[in-house]
Amino acid sequence: MYMGGLIVKKRNGDTLTKEEIEFMINGYVKGDIPDYQMAAMLMAIYFVGMNDEETVCLTMSMAHSGDMLDLSAIEGIKVAQHSTGGVGDKTSLVLGPMVASLGVPIAKMSGRGLGHTGGTIDKLESINGFHTSLTTEQFIENVNRVKLAIMGQTADIAPADKKLYALRDVTATVDNMSLIASSIMSKKLAAGADAIVLDVKTGSGAFMKKEKDSRLLAKEMVKIGNSAGRRTVAVISDMDQPLGYAVGNAIEVREVIETLNGRGPADLEELCVTLGTHMLLCAGKAATEADAEKMLKETIQSGAVLKKFAEFVSAQGGDSDCIYHPEKLPQASIVKEVTALETGYIKKILCEEIGVVSLLLGGGRRKKEDEIDLSVGIMLRKKVGDFVNKGDSIATIYGNDPEKFKDAYHRMEVAYFYSKTVVEKKKLIKDIIKE
């Protein structure tokens, strides 16, 4: 078996066997297969594609290329949640405490933000003292005790994905459904959960801009998860405008706290209840969707979920007093309202542009090494379908650098589009894929 022959085989449209895919992935991770040969293979896959069996084999080979996290010491069915990312997406911070407060163990590995989408860890680090540098033993102990822990992804989890993704990024082979699905699912499978609930975003602020592509990706990932023996569900949700109203780091944590108090945005709560419902069903904690939904809403009303969030924060070194006094979170020095340029109904918001504004203010990274300003961000006041008069506030910008602020203000103004006629509000949950 040699790599040159496998490249020819795939280029000619033939199917790679499990053994051939394992040989390819193992050889690439060890350094026996050079970048130029793997780049040729990726391009062949990009044009020819992979069937379901090949995609599952690729995913499993990538998952087994490093450590497979053993969560058997954690009591109960472990359910992982993953979002494909978007603007204002603080779902994990709401969902984790909600589900954990009902006794389902959540052992989550998360990343930092890069580009226009924010990272869960960055948002949590807005809380003074909070850290994710846990050993595997601490991680497991926290999940057993608190039912919720979040740690950063280690270099030993799915190293093949890390190498392949870097190569795909510079060889124009990112946009292939099998490669995207295997990249996401290899990390989820290596992280050791028993079941996986996916939030697949679709729209202008998402990685997948078209709903048909989001649906294909969701189906691909569900097939992979189920084939690997993990019960997997995907929820397709709208990302044509930011989720909730807050975009940033500390500002999003404030909105999370409002939501856990039962005063959050309707769209954020709806999405979290939908995802949480399927997490409870996967964990065997509820018999029906109606039962699960009722349990999730009751845990917010009772105050148990806010208490669970504070317990989780404290367990990872954070100042839990911030949860009850969010004014202690980092605050920006410059605050300014952005006003509507026209009278009418808001027809469209350039969702990705809102994420870029947060990035320009200092709330995101262009490169992995960049330091971010946790206090900056945007609070939307109006969203698609809302009526405004010219001069009404449509958003508030929070910043610290006057020069960055000027550019951010102008970009926010022109990110909103208006209509003289009524604009129908879009449905948030597009579909739920189970097989």
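Just so it is clear, the structure is predicted and the values come from calculations on it, not from any experiment. (Residues numbered from 1 in each chain as written. Predicted model: local features only at pLDDT ≥ 70, side-chain atom pairs only at ≥ 80, totals over all residues. Heavy atoms only, no water.)

Some points on the layout of surface pockets
Roughly 300 Å³ of volume is contained in the second largest pocket. Together, 16 residues line the second largest pocket, and Q241, D267, K383, K425 and K426 are the ones closest to its centre. Here the lining of the second largest pocket takes three residues from helix α12 (residues 266-282), the largest share from any one element. Grouping the constituent residues of the lining of the second largest pocket by class yields seven nonpolar, one polar and eight charged. (1 Å grid on protein atoms, 1.4 Å probe; cavity = no way out; pocket = protein on both sides within 12 Å on 5 of 7 lines; lining within 4 Å. Points joined across faces, edges and corners; volume = space filled by probe spheres on them. Helix = DSSP H or I, 4+ residues; strand = E, 2+ residues; numbered from the N terminus. Nonpolar A, V, L, I, M, F, W, Y, C, P; charged D, E, K, R; others polar.)

Describing the pairing of strand β3 (residues 148-152)
Buried residues dominate β3, accounting for four of its five residues. When strand β2 (residues 106-110) meets β3, the two strands line up parallel, connected through five bridges. Paired with S110 across the strands is G152, a residue of β3. (Buried < 20%, exposed > 50% of the residue type's maximum accessible area, 1.4 Å probe, protein only. Pairing = 2+ DSSP bridges.)

Observations concerning the nonpolar core
With 78 residues, the main nonpolar core has I127, F309, F312, I354, I378 and M412 as its most contacted residues. Here this core gets nine residues from one element, more than from any other, and that element is α12. The residues touching M412, leaving out its near neighbours within four places in the chain, are V338, I354, V357, I378, L380, A395 and I397. The next biggest cluster of nonpolar side chains, apart from the first, holds 35 residues, and it includes F139, M151, A158 and L198. (Core = buried A, V, L, I, M, F, W, Y, C linked by side-chain atoms within 4.5 Å. Contact = heavy atoms within 4.5 Å.)

Examining unusual backbone geometry
Its identity is not glycine, yet A158 carries a phi of approximately 45°, on the positive side. Mapped onto the elements, A158 comes out in the loop between β3 and α8 (159-170). Although it is not a glycine, A172 adopts a positive phi angle of roughly 55°. With respect to the helices and strands, A172 occurs in the loop between α8 and α9 (177-190).

Focus: helix α7 (residues 136-146)
The set of residues buried in α7 consists of F139, I140, N142, V143 and V146. What you see down the axis of α7 is that its buried residues fit within an arc of 160°, all on one side. Next to the buried residues of α7 lie β2, β3 and α14 (304-315). Backbone geometry just downstream of α7 places K147 in the positive-phi region, at approximately 80°. (Arc of directions from axis to C-beta.)

Looking at the sheet that holds strand β12 (residues 416-419)
Strand pairs in the sheet, formed through backbone hydrogen bonds, run parallel or antiparallel to each other. Overall, antiparallel pairing links the three strands, which are arranged β10-β8-β12 in an open sheet. Each edge of the open sheet carries a strand with a single partner, namely β10 (387-388) and β12. Note that strand β8 (residues 344-349) and β12 share four bridges and pair antiparallel. The residue bridging K348 from the neighbouring strand is F417, located in β12.

Everything listed here is a matter of coordinates, which is why it stays silent on function.
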